[in-house]
Amino acid sequence: MKNISYQNDELLKRLFKKISPESPSAGFSERIMDLIIQPEIDMSAHQQTINKLLWTIIASIALLIPVLFFLLDWSFFDLIPFSISAETFNHFIVFLSKIPDYFSSVLMGLKQYSWFFAILAAGIGLLFIDSLLNKSLIRNIFPFTLSGHEVK
Amino acid sequence: MKFETDIFYLQQITSGNARAYAFLVEKHKEMVFSIALKIVHNREDAEEIAQDAFVKAYQSLSGFKNEAKFSTWLYRIVYNSAISKVRKKKLELSPLDDSTINNYSDDTIDSNLFLIDEPDQFELLQKALQCLSEEENVIVSLFYQNDNSIEDISAITNLTVANVKVKLHRIRKKLYSEMQKMMTSLEHSELNQAYFKEVTR
């Protein structure tokens, strides 16, 4: 017995070999592979087509168009009453009665500036699609957060 | 399932076949899970630790040098993660019970242990293993069950080679001590039962 040490203890070796190893639950390997492979698919599937500068230009145009359209051409805000009196109330009623006319004016404006709206709609549409592809709508809705192939 | 060498799968992964990692997971999942389970004593926690270890190992593959075995590197990751988890829960690893071990010399390893049937020996061992600390359990399993070398165990547990040798020596003594104690108490109870039968007869 004296000559047996931990290195050549055949009894322990034999008994330990009989212990069946513990197994994790079913689907363990699949879950790990899902965690590993998923981000790679996302990275390869989404190649951002529009760069940061172009997004900034599109967003600037999208912001500029409504400003030019409403404030310079139509003087829309001049018609809003600022104090309540019989006269201003009368003006306000007149304003309300003219709302349907404004809608027809908007429609006319849409026809007149149709290419502006086409750019605006296309820009917003592209922004939305790009954000959806990145799966992070809020973070990517602003142009300055859109860059390269960053994985969130 | 027959597996190729770890190096084969690692080469597949580095050449772009990420799915080859599934074979490495399948090959090592039981030992990785066993190490975690021996330390945390909870299947859910052990599975989470094992899963994190595999993901972490995959993400760090670029930093893996072929100087060490992949399995050793992987076991080290899971061992450290499990130890961290236990420390977070403030469950200190119990140190070796030196007083028990030192009172038991190599010479007194009872040859009676070799005379009993293997199923009985196995049962005694299973019970004796419960007396070991988490660290001891991992070390002895790696050595006897998984055939890891002293150097591998040293790399996994971050202990020196000399320290691993001393620990293995002590663990063996401790196991035999516990097995002997259990066998003696079993013999006593059997004798008592025989005596009781004789008296009642």
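Since this is a predicted model, take the numbers as computed values, not measurements.

Peer 1: Would you mind going over the overall build of chain A with me for this structure?
Peer 2: Scanning chain A for helices and strands turns up six helices and zero strands. Relative to its 152 residues, chain A shows a buried fraction of 24%. Carbon and sulfur atoms provide 69% of the accessible area of chain A, an area that totals close to 10,700 Å².

Peer 1: Looking at this structure, how should I read the packing of helix α1 (residues 10-18) of chain A against helix α7 (residues 118-129) of chain B?
Peer 2: For any two helices packed against each other, one specifies the crossing angle of their axes together with the interaxial distance. Contact pair α1(A) / α7(B): the axes reach a minimum separation of 10 Å and the direction vectors enclose 80°. Judged by the inter-axis angle, α1(A) sits roughly perpendicular to α7(B). For the pair formed by α1(A) and α7(B), the contact residues are Leu11(A), Leu12(A), Arg14(A), Leu15(A), Phe16(A) and Lys18(A) on the first element and Glu118(B), Gln121(B), Phe122(B), Leu125(B) and Leu129(B) on the second. Partitioning the contact of α1(A) with α7(B) into residue classes produces seven nonpolar, one polar and three charged.

Peer 1: Sorry, what's going on with the nonpolar core here?
Peer 2: Inside soluble globular proteins, nonpolar side chains tend to come together where they are buried. In this structure, Phe16(A), Tyr21(B), Ile35(B), Ile39(B), Phe70(B), Leu125(B) and Leu175(B) are the most contacted members of the largest nonpolar core, which totals 72 residues. A per-element tally of this core places helix α2 (residues 21-40) of chain B first, with 11 residues. Both domains that meet at this core, namely domain 1 (6-89) and domain 2 (98-199) of chain B, each give it at least three residues. Residues within four places of Phe16(A) in sequence aside, it is in contact with Leu125(B), Leu129(B), Val140(B), Ser141(B), Tyr144(B), Gln145(B) and Leu175(B).

Peer 1: What is the right way to read the packing of helix α1 (residues 6-14) of chain B against α2(B) from this model?
Peer 2: Residue and element names in this part refer to chain B. Between α1 and α2, the least distance of the axes is 8 Å, while the angle of their chain directions is 150°. Judged by the inter-axis angle, α1 sits roughly antiparallel to α2. Handedness of the α1/α2 crossing: left-handed. Each of Asp 6, Tyr 9, Leu 10 and Ile 13 in α1 lies in contact with α2, whose residues at this interface are Tyr 21, Phe 23, Leu 24, Lys 27 and His 28. Among the residues making up the contact of α1 with α2, the classes are represented as six nonpolar, one polar and two charged.

Peer 1: Just to check I follow, could you spell out the confidence of the model for chain A for this structure?
Peer 2: Low-pLDDT stretches of the model should not have their predicted coordinates read in fine detail. Confidence in the prediction for chain A averages 71 pLDDT; 64% of positions are at 70 or higher. Throughout residues 144-152 of chain A the model reports pLDDT below 50, and contacts reaching past four residues in sequence, or to other chains, amount to 19 contacts.

Peer 1: What exactly am I supposed to notice about the interface of chain B and chain A here?
Peer 2: Often the size quoted for an interface is simply the accessible area lost on bringing the parts together. The partner chain A presents 31 residues to the 41 residues of chain B that form the contact. Between chain B and chain A the total buried area reaches about 3,700 Å² when both faces are included, carbon and sulfur atoms providing 66% of it. In terms of surface lost to chain A, no three residues of chain B exceed Tyr144(B), Gln145(B) and Arg172(B), which account for 18% of the buried area on that side. Linking chain B to chain A there are six salt bridges. Arg31(A) is the salt-bridge partner of Glu47(B), the closest N and O atoms lying 2.6 Å from each other. Taken together, the links from chain B to chain A amount to 15 residue pairs in polar contact (both at pLDDT 80 or more). With nine residues, the top contributor of residues to the side of chain B that touches chain A is α2(B). Taken together, the residues that form the side of chain B that touches chain A break down as 23 nonpolar, seven polar and 11 charged.

Peer 1: Before we go on, may I ask you to explain the pattern of salt bridges in this structure?
Peer 2: Oppositely charged side chains are able to pair whenever their charged atoms sit close together. Enumeration over the complete set of coordinates arrives at 14 salt bridges over all chains. For Glu22(A), the salt bridge goes to Arg43(B), with nearest N and O atoms at 2.9 Å. One end of the pair, Glu22(A), is in the loop between α1 and α2 (28-45); the other, Arg43(B), is in helix α3 (residues 43-59), on a second chain. In this structure, Glu136(B) engages Lys174(B) in a salt bridge whose closest nitrogen and oxygen atoms are separated by 3.4 Å. With Glu136(B) in helix α8 (residues 134-145) and Lys174(B) in helix α10 (residues 161-200), the pair connects residues that are 38 residues apart, well separated along the chain. Note on accessibility: Glu136(B) and Lys174(B) belong to one class, buried. Each of Arg14(A), Lys18(A) and Glu118(B) takes part in one network of salt bridges that share partners.

Peer 1: What is the right way to look at unusual backbone geometry in this model?
Peer 2: For residues besides glycine, phi is generally negative; the peptide bonds are generally trans as well. Residue and element names in this part refer to chain B. Phi is positive for His 41, which is not a glycine, with a value near 60°. Even without a glycine there, the phi angle at Asp 147 is positive, about 55°. On the secondary structure map, Asp 147 appears in the loop between α8 and α9 (150-157).

Peer 1: Looking at this structure, I do not really get the packing of aromatic side chains. What am I missing?
Peer 2: The way to describe two aromatic rings as a pair is by their centre distance and the angle between their planes. Enumeration according to the criterion identifies nine aromatic pairs over all chains in this entry. For the pair Phe28(A) and Phe54(B), a centre-to-centre distance of 6.0 Å together with 70° between the ring planes defines the contact as edge-to-face. Of this pair, Phe28(A) sits in helix α2 while Phe54(B) sits in helix α3, on two different chains. For Phe54(B), a relative accessible area of 0% translates into the label buried. Here Tyr9(B) and Phe23(B) contribute two aromatic rings whose centre-to-centre distance is 5.2 Å and whose plane-to-plane angle is 5°, an arrangement assigned as stacked. Here Tyr9(B), found in helix α1, pairs with Phe23(B), found in helix α2; they are 14 residues apart in sequence, far enough to count as distant. What makes Tyr9(B) buried here is its relative accessible area of 5%. Each member of the aromatic cluster is reached from another via a ring pair, and the members are Phe16(A), Phe143(B) and Tyr144(B).

Reading the values: the criteria
- Residues numbered from 1 in each chain as written.
- Chains lettered and ligands numbered in written order.
- Predicted model: local features only at pLDDT ≥ 70, side-chain atom pairs only at ≥ 80, totals over all residues.
- Heavy atoms only, no water.
- Helix = DSSP H or I, 4+ residues; strand = E, 2+ residues; numbered from the N terminus.
- Buried < 20%, exposed > 50% of the residue type's maximum accessible area, 1.4 Å probe, protein only.
- Areas by Shrake-Rupley, 256 points an atom, 1.4 Å probe, with all protein chains shown as cover.
- Axes fitted to C-alpha atoms, helices over the stretch in contact; angles between N-to-C directions.
- Parallel < 35°, antiparallel > 145°, perpendicular 65-115°, else oblique.
- Contact = heavy atoms within 4.5 Å.
- Nonpolar A, V, L, I, M, F, W, Y, C, P; charged D, E, K, R; others polar.
- Core = buried A, V, L, I, M, F, W, Y, C linked by side-chain atoms within 4.5 Å.
- Domains from an automatic or database assignment.
- Left-handed = near helix turned anticlockwise from the far one by under 90°.
- pLDDT = per-residue confidence, 0-100.
- Buried area = accessible area lost by both parts, 1.4 Å probe.
- Salt bridge = Lys/Arg side-chain N within 4 Å of Asp/Glu carboxyl O.
- Polar contact = N/O pair within 3.5 Å; in protein donor to acceptor, adjacent residues only side chain to side chain.
- Phe/Tyr/Trp six-rings, centres within 6.5 Å; stacked < 30°, edge-to-face > 60°.

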